Amino acid sequence: MSNPVYLALDLPQLDAAKALAERVRAHIGGIKLGLEFFCAHGHHGVHEIAHLGLPIFLDLKLHDIPNTVAGAMQAIHVLEPAIVTVHASGGRAMMEDAKAAAGNGTRVVAVTMLTSMDDRDLVQTGVAGKAHDHVLRLAELAQAAGLDGIVCSGHEVAAVHRQWKDGFFVVPGLRMADNGIGDQKRVVTPRRARDDGASVLVVGRPINRADDPVAAARAIEATL
Ligand SMILES: O=c1ccn([C@@H]2O[C@H](COP(=O)(O)O)[C@@H](O)[C@H]2O)c(=O)[nH]1
């Protein structure tokens with residue numbers, strides 16, 4: 001089985017990001033490039049990281065009207081990302097158009113509820129109910145829109161997996177026992193997320209802020 005860990009390269013400097021990816025390359029299965037990286041380095045930065053030969057996950061969390069999101073998907077075709085994210089709360093039509101505009105080799109997955117939010121945060125956005133139910137509802141919408149899967153926390157992935165058997169599930173918010181959680185609120189260990197059905201495990205700070213990133217990546221790999 002291939003390594004499900006995708007390293008979130010949330011670093012402002014391109015050289016430092018490249019050097020880190022090269023160091024941990026043998027202990028990860030792919031690289032996630034998010035808003036911080038893409039806003040700073042754009043297509044050029046993606047090409048630089050893609051030279052390493054690992055699958056690229058563009059975590060752009062697109063959220064706009066359908067026409068605009070479809071245009072953005074077409075603009076990133078050329079980068080041949082393995083995975084791209086959109087926000088499920090953008091609605092069914094937006095997700096359908098995003099999927100239609102994506103390249104054949106690209107999985108489009110919908111962010112349900114950010115792992116940095118809990119039940120209280122959800123209520124503050126005007127959504128009544130629990131995170132768990134909200135995630136399941138948005139997963140159903142993403143499936144109906146023809147997406148490949150969703151992004152959710154490790155708290156929900158087992159339930160989502162039961163309702164969407166062949167879905168592709170991306171789980172961030174992962175921490176080992178000795179990691180600080182920072183701004184994340186719905187966290188589990190990488191092992192628990194994998195056992196509960198995660199397809200991709202997104203790990204950022206536990207590796208990219210570690211004193212020894214290679215040792216940290218190896219330690220996570222050893223638990224899987
Ligand atoms: O719900 C979400 C969606 C995306 N992310 C992204 O994953 C990484 C997690 O980084 P850590 O340092 O391991 O907390 C980061 O790039 C987020 O943008 C998420 O955390 N939660």
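Residues numbered from 1 in each chain as written. Predicted model: local features only at pLDDT ≥ 70, side-chain atom pairs only at ≥ 80, totals over all residues.

When you go through the protein residue by residue, the secondary structure sums to 10 helices and eight strands. Against the 2.2 N^0.38 benchmark of 17 Å for 224 residues, the protein shows a C-alpha radius of gyration of 17 Å, consistent with a compact globule. Referenced to the eigenvectors of the C-alpha coordinate spread, the extents of the protein come out at roughly 40 × 40 × 35 Å. Expressed as a percentage of the 224 residues in the protein, the buried residues total 43%. By sequence separation, contacts in the protein at least 24 residues apart represent 66% of the contacts at least 6 residues apart. (Helix = DSSP H or I, 4+ residues; strand = E, 2+ residues; numbered from the N terminus. Rg over C-alpha atoms; globule rule 2.2 N^0.38 Å. Buried ≥ 20, exposed ≤ 12 C-beta atoms within 10 Å, placed from the backbone. Contact = placed C-beta atoms within 7 Å.)

Pairing of strand β6 (residues 149-151) with strand β7 (residues 168-171), which is carried by three bridges, proceeds in the parallel orientation. When the sheet's bridge partners are listed, I150 is paired in β7 with F169. For the handedness criterion, the β-α-β arrangement of β6, helix α7 (residues 157-163) and β7 is classed as right-handed. Taken together, the two bridges between β7 and strand β8 (residues 200-203) define a ladder with parallel strand orientation. (Pairing = 2+ DSSP bridges. Right-handed = clockwise from strand over helix to strand, strands pointing away.)

Feature annotation in UniProt places "domain: Orotidine 5'-phosphate decarboxylase" (unreviewed entry) on residues 4-220, given in this structure's numbering. Span residues 4-220 is 43% helix and 17% strand, its end C-alpha atoms 11 Å apart. (UniProt positions renumbered as here; feature names shortened; annotations may be inferred.)

Ranked by internal contacts, the top residues of the largest apolar core, which has 66 residues, are L7, A98, A110, I150, V171 and L201. When residues of this core are assigned to their parent elements, the largest contribution, six residues, is made by helix α6 (residues 131-144). What L201 contacts, discounting residues up to four positions off in sequence, is P4, V5, Y6, V171, L174, P190, A193 and R194. (Core = buried A, V, L, I, M, F, W, Y, C linked by C-beta atoms within 7 Å.)

Moving on, we come to the site of the ligand. Taken together, 16 residues lie around the ligand, and A8, T115, P172, G204 and R205 are the ones closest in. Counting residues per element, the ones that place at least two in the shell around the ligand are β8 and α9 (205-208). Looking at the shell around the ligand residue by residue, the classes come out as eight nonpolar, five polar and three charged. (Near = placed C-beta within 6 Å. Nonpolar A, V, L, I, M, F, W, Y, C, P; charged D, E, K, R; others polar.)

A barrel is described by the order of its strands in space; here eight strands give the closed sequence β1-β2-β3-β4-β5-β6-β7-β8, paired in parallel fashion. Ignoring strand direction, the axes of neighbouring strands in this sheet form an average angle of 25°. Across three bridges, strand β1 (residues 5-8) lies against strand β2 (residues 30-34) in parallel orientation. If you follow L7 over to β2, its bridge partner there is I31. (Axes fitted to C-alpha atoms, helices over the stretch in contact; angles between N-to-C directions.)

Once that is clear, we can look at the packing of helix α3 (residues 66-76) against helix α4 (residues 92-101). The packing of two helices is summarised by the inter-axis angle and the distance between the axes. Running from N to C, α3 and α4 point in directions that differ by 25°, and their axes come no closer than 8 Å. One element, α3, and the other, α4, form an angle in the roughly parallel class. Along this stretch, α3 crosses α4, giving a crossing that reads as right-handed. Residues P66, V69, A70, M73 and Q74 of α3 touch α4, and the partners they reach there are A93, M94, D97, A98, A100 and A101. Its residues assigned to classes, the contact of α3 with α4 shows nine nonpolar, one polar and one charged. (Parallel < 35°, antiparallel > 145°, perpendicular 65-115°, else oblique. Left-handed = near helix turned anticlockwise from the far one by under 90°.)

Attention shifts here to unusual backbone geometry. Even without glycine at this site, K61 takes up a positive phi of about 45°. You can see K61 is positioned in strand β3 (residues 56-62). For E80, which is not glycine, the phi dihedral falls at a positive 50°. Relative to the assigned elements, E80 resides in the loop between α3 and β4 (83-87).

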